[in-house]
Amino acid sequence: MKQKKMLTLTLSQLKQLYQQELPELCQLAGQSINDKDFRNSLERFLSLHPQAESNPGKQIRLLINYDGTNIHELSTGQDMPVQTLSVLHQFLIGQLENTDLATDLFIDLFYLFKRLDAPEMPLPSPQRIKSRTERWATGLDEEVMELRAQNKERMLHVLIQKIENRKSGSTRFKFDEGLSYDEKYQLVSQWWNDFRFHLSMAIKSPSELNRLLGNSLSSETMYLLSRARKKGMPFFATPYYLSLLDITGDGYNDEAIRSYILYSPRLVETYGNIRAWEKEDIVEAGKPNAAGWLLPDGHNIHRRYPEVAILIPDTMGRACGGLCASCQRMYDFQSERLNFEFDSLRPKESWDKKLRRLMSYFEEDTQLRDILITGGDALMSQNKTLRNILEAVYRMAARKRKANQERPEGEKYAELQRVRLGSRLPAYLPMRINDELVEILREFKEKASAIGVKQFIIQTHFQTPLEITPEAREAISKILSAGWLITNQLVYTVAASRRGHTTKLRQILNSLGVVCYYTFSVKGFNENYAVFTPNSRSLQEQHEEKIYGQLTPEQATELYTLLEKGEDTTTRIRRFMRKHHLPFLATDRSVLNLPAIGKSMTFNMVGLTEDGKRILRFDHDRTRHHSPIIDKMGEIYIVENKSLAAYLRQLGKMGEDLEDYASIWSYTEGETEPRFSLYEYPEFEFQTTDRMSNLKVEG
C-alpha cells in the first residue's frame, strides 16, 4: 500500500489490514489471555521464526523486553510506562478503551512486523540522489537573484517611508531636509550594503513584517504573530534576510527560510513555559551544573565536556541578526538573558574586569583547550569589542603556556588549541563581514599561532542553499582570506530534511570552501513540534544520501592535511572533490544534543507512546571525552515529540512524494558516526595531567 494511502487509514481500516497482511499476529493476540501472555506468545513465535536474528526480529524482541516497564524520560524528568505491545494487543482484540487513539502507533508497528518477512529495500541509486539534489535552487541561481532584486526594489521604497515617519532613532540613517525622493532612494540603496542599516531597520512587529513582504501574509499568520507579540515573544528580522523570501508563491520553494522566520502555533502557545533542554545551562552559584562542572557566577560560561567551554559575552553578542523559530536558546530569550535591545547590550565599564575573571577560569582549568565564543551571535559584537575579547583570549593562552613551563611532565595543563566564533551572520547579515573584521581575524591568528593555537574556526549556520547569496559568497571568501576555516552546522528541520536538500547544501558550501560539521536533530519539547524531524530521518539521510560523499580513511587524512593550515581552502577543496569524483564532502555528523550528556546518535527504539512517538534509549558518544557524570546517569531515554506518520503527513503537505521516504520505518537504531579528523584535538607535545578541575560529581 502506498504511503500516502496508509497515513489516511482509520483504526478500523488498519485493523482489517492487520488481519489481511499479518494473520499470524492477529491469531496470537486473539489466543492470548492478557497482555503478558501476548508478550510470551510473541517471544515463542519469534524463537521459531527464520528471521528471528534479523534487525526487525531483534527490534521486536526489544519491544517485548521493555513492554510493561517504567523508564525515566531525561528531557522532562518524568517517569513513564512503556506499553507498546500491550496497546497493540488491546487494539487487535478490540478492547481499546480510548477509541479516539491516533493510528500512528499501529502504522509504525505494522511496518515493523511486515519487515520480518520482507526483503530489505535497496538503496537509491546515485542517479536518483543526483535528481533529488538538483531540484533545489540556490541563492546564486539567476532566476532566484532576479526575484530577490525585485524584492529589494520594493523594500527600498517601504524603507524610505519608514525613515520619513521615524520620530527618533538612528542618527546615522536619516534624511537631511530638502532631499528629493530620488536622492533619498539613492541614499537608501547605498545604506543597503551597510549591516548597521539592516539592524537599525530590523522588523519588530507583525504589521511591519507584512508591509515589507508586500502584504503577502495570510490573516491566519498575522493573527498568530499578533498573539506572539502580546505574549512578549521577541521578533527580529532584517530587510536583507526578508528579501530572500519569495512572495509570489510560484517561484522557488522558500519553506526552509520561512519556517525560520514565522512562528508555529505550538511555539506561540508554549512560549512563557519553555523549559531548558540544555539542562547544563542552568547555573546556580556554588553548585555544579547538570554535567558536574562548577562555573563562575552568572551565565557567561556554558560547559558540558572537559576540553571545551562556551563563552557568552556581556555585549551585543547576546543578540542575533534574527531570531530563529527553532532556536536552541529560546529558553534564554524567554528569560530575557538574550534580547534585541542593543543599547542595553553595549559593554559596561565592569565588562573588562569580568572578562579577566572569565579568562582566569580557562587559564586555571586543567583540561580546557577549546573556547567557543558565541551568544546570541559572536559577530554581533562591535569590532572594537570583539578585538578586546580576542586579545583577552590571546593573553590568557600565553599565560597558560608560560605557566606550563614550570609544571613537570604528567602535571601540565591543557593549553589553548582551538578558538571558534559562533555566528549565523554570514547567512543572516553577510555585510557584517567587513574589511576591519577580516583584519582583526587575521591579526589574531598570526599572534595566537605563535603561542601554539592551531585551529581558528568560524562556526556558522547555513540552513538552506537559498541562503547562499552573492553577498554570503563574498563574506565566506573574506573570512577564508584571513586564514580561518568555516564549518557549518545544519539544524535538521522538516523543511531542511526533504530528500536532496541537505546534499545540495553540502555541495554548494563545499564549492565555496566551507566544511560541514554537524547535522543537528531539533531539540526541545512541544514548542518545536512543527519543525522537529524524527531521528530516523537523520539516519535515513546518513545511510541513503550522505553515503555518496563519504570519505575513505586515506581520503580523510589527505583532506585534513589540505585544510590544516587554512590556506587557499576553496581551491584545495574543489581540487580534492574533482580528484576523487565526490559530489560533496560528508564531513558532518548527524547528532542529537542530549541534556547534560552531549551529542550522540547512538540509540535503540525501546517503545512507542500511544500516539506513536518513538521512545529512544541513547548511549553517549564514546569517541570523545565526557564529564564523569555520565557514569552516574544510567540509561538515557528520550521520547521524540512527533510520530513518523505525523512527520510524513507534513512532508506530504509540502508536496513531497512520500514513496521517496518509504524506508524510514526501518531505521530504529543508530550509531554515532566517527568524527572527521579536522574536528579532533591535535596531540600535545607533552604529557598533560589527567586530573579534572572545576568538577564536582556527587558519589
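Note that the structure is a prediction, hence the values are computed from the model and not measured.

Describing the nonpolar core
Right, on to step 1. Leu242, Tyr263, Leu421 and Trp484 are the most contacted members of the largest nonpolar core, which totals 130 residues.
Right, on to step 2. Among the elements that line this core, the one with the most residues is helix 9 (residues 142-165), at 8 residues.
Right, on to step 3. When residues no more than four places from it in sequence are discounted, the contact partners of leucine 421 are Leu372, Ile373, Ala378, Leu379, Leu386, Leu390, Leu441, Ile457, Ile458, Gln459 and Trp484.
Right, on to step 4. Formed by 60 residues, the second largest nonpolar core is a distinct cluster that contains Leu14, Tyr111, Leu116 and Leu594.

Description of the pairing of strand 2 (residues 78-81)
Right, on to step 1. Sheet topology note: the strand 1 (residues 70-73)/strand 2 ladder contains 4 bridges and is antiparallel. Across the sheet, glutamate 73 pairs through a bridge with glutamine 78, a residue of strand 2.
Right, on to step 2. From the end of strand 1 to the start of strand 2, which pair antiparallel, there are 4 residues, and glycine 77 there has a positive phi angle of about 75 degrees.

Describing the packing of aromatic side chains
Right, on to step 1. Under the defined criterion, the tally for this structure stands at 22 aromatic pairs.
Right, on to step 2. With 6.0 Å between their ring centres and 70 degrees between their planes, tyrosine 66 and tyrosine 637 make a pair best called edge-to-face. Separated by 571 residues along the polypeptide, tyrosine 66 in helix 5 (residues 55-66) and tyrosine 637 in strand 14 (residues 636-639) bring together distant segments of the chain. There is no split in this pair, since tyrosine 66 and tyrosine 637 are both buried.
Right, on to step 3. With a centroid separation of 5.3 Å and an interplanar angle of 75 degrees, the aromatic rings of phenylalanine 173 and tryptophan 191 are classed as edge-to-face. Here the residue phenylalanine 173 occupies a position in the loop between helix 9 and helix 10 (181-191), and tryptophan 191 occupies one in helix 10, the gap between them amounting to 18 residues.
Right, on to step 4. Take phenylalanine 173: its relative accessible area is 3%, and that puts it in the buried class.
Right, on to step 5. Connected via pairs of aromatic rings, a cluster forms that spans Tyr18, Phe91, Phe106, Phe110, Tyr111 and Trp665.
Right, on to step 6. Directly above the ring of phenylalanine 195 sits arginine 432, whose terminal nitrogen or CZ lies 5.1 Å from the centroid.

Comments concerning the domain arrangement of the protein chain
Right, on to step 1. Under the domain assignment, the protein chain is made up of domain 1 (3-115), domain 2 (142-166 + 175-252) and domain 3 (279-597).
Right, on to step 2. Its C-alpha centre places domain 1 at a distance of 43 Å from the equivalent point of domain 3.

Observations concerning unusual backbone geometry
Right, on to step 1. Cis rather than trans, the peptide bond between glycine 375 and glycine 376 has omega equal to 20 degrees.
Right, on to step 2. Summarising the element assignment, glycine 376 is placed in the loop between strand 5 (370-373) and helix 20 (383-404).
Right, on to step 3. Positive phi values are uncommon outside glycine, yet aspartate 568 reaches one of about 50 degrees.
Right, on to step 4. By the secondary structure assignment, aspartate 568 is in the loop between helix 26 (553-563) and helix 27 (569-580).
Right, on to step 5. Residue aspartate 568 is classed as partly exposed on the basis of its relative accessible area of 48%.

Quick notes on the side chain of histidine 620
Right, on to step 1. Here histidine 620 shows up in the loop between strand 13 (614-619) and strand 14.
Right, on to step 2. In terms of polar contacts, histidine 620 uses its side chain to reach the side chain of aspartate 619, at 3.2 Å.
Right, on to step 3. Histidine 620 has contacts with Ile597, Ser600, His626 and Ile630, leaving out every residue within four places of it along the chain.

Topic: the pattern of salt bridges
Right, on to step 1. Applying the stated criterion across every chain, the model contains 40 salt bridges.
Right, on to step 2. Among the salt bridges present, the one from glutamate 656 reaches arginine 135, with a minimum N-O distance of 2.7 Å. Of this pair, glutamate 656 sits in the loop between helix 28 (644-653) and strand 15 (669-670) while arginine 135 is found in the loop between helix 8 (126-134) and helix 9, placing the two residues 521 residues apart along the sequence.
Right, on to step 3. Overall, the relative accessible area of 10% leaves glutamate 656 in the buried class.
Right, on to step 4. A salt bridge links glutamate 545 to arginine 537; its shortest N-O distance comes to 2.9 Å. The pair formed by glutamate 545 and arginine 537 is uniform in burial state, with each residue classed as buried.
Right, on to step 5. Overlapping salt bridges bring together Arg506, Glu541, Lys546, Asp588 and Glu673 as one network.

Some thoughts on helix 8
Right, on to step 1. Within the sequence span of helix 8, burial applies to Ile129, Arg132 and Thr133. Taken end-on, helix 8 shows its buried residues confined to a sector of 100 degrees, consistent with a single buried face. The outward face of helix 8, more than 90 degrees from its buried face, is lined by the exposed residues Gln127 and Glu134.
Right, on to step 2. On its buried face, helix 8 is in contact with helix 24 (501-511) and helix 25 (535-544).

Basis of the calculations
- Residues numbered from 1 in each chain as written.
- Predicted model: local features only at pLDDT ≥ 70, side-chain atom pairs only at ≥ 80, totals over all residues.
- Heavy atoms only, no water.
- Core = buried A, V, L, I, M, F, W, Y, C linked by side-chain atoms within 4.5 Å.
- Buried < 20%, exposed > 50% of the residue type's maximum accessible area, 1.4 Å probe, protein only.
- Helix = DSSP H or I, 4+ residues; strand = E, 2+ residues; numbered from the N terminus.
- Contact = heavy atoms within 4.5 Å.
- Pairing = 2+ DSSP bridges.
- Phe/Tyr/Trp six-rings, centres within 6.5 Å; stacked < 30°, edge-to-face > 60°.
- Lys NZ or Arg CZ within 6 Å of the ring centre and 35° of its normal.
- Domains from an automatic or database assignment.
- Polar contact = N/O pair within 3.5 Å; in protein donor to acceptor, adjacent residues only side chain to side chain.
- Salt bridge = Lys/Arg side-chain N within 4 Å of Asp/Glu carboxyl O.
- Arc of directions from axis to C-beta.

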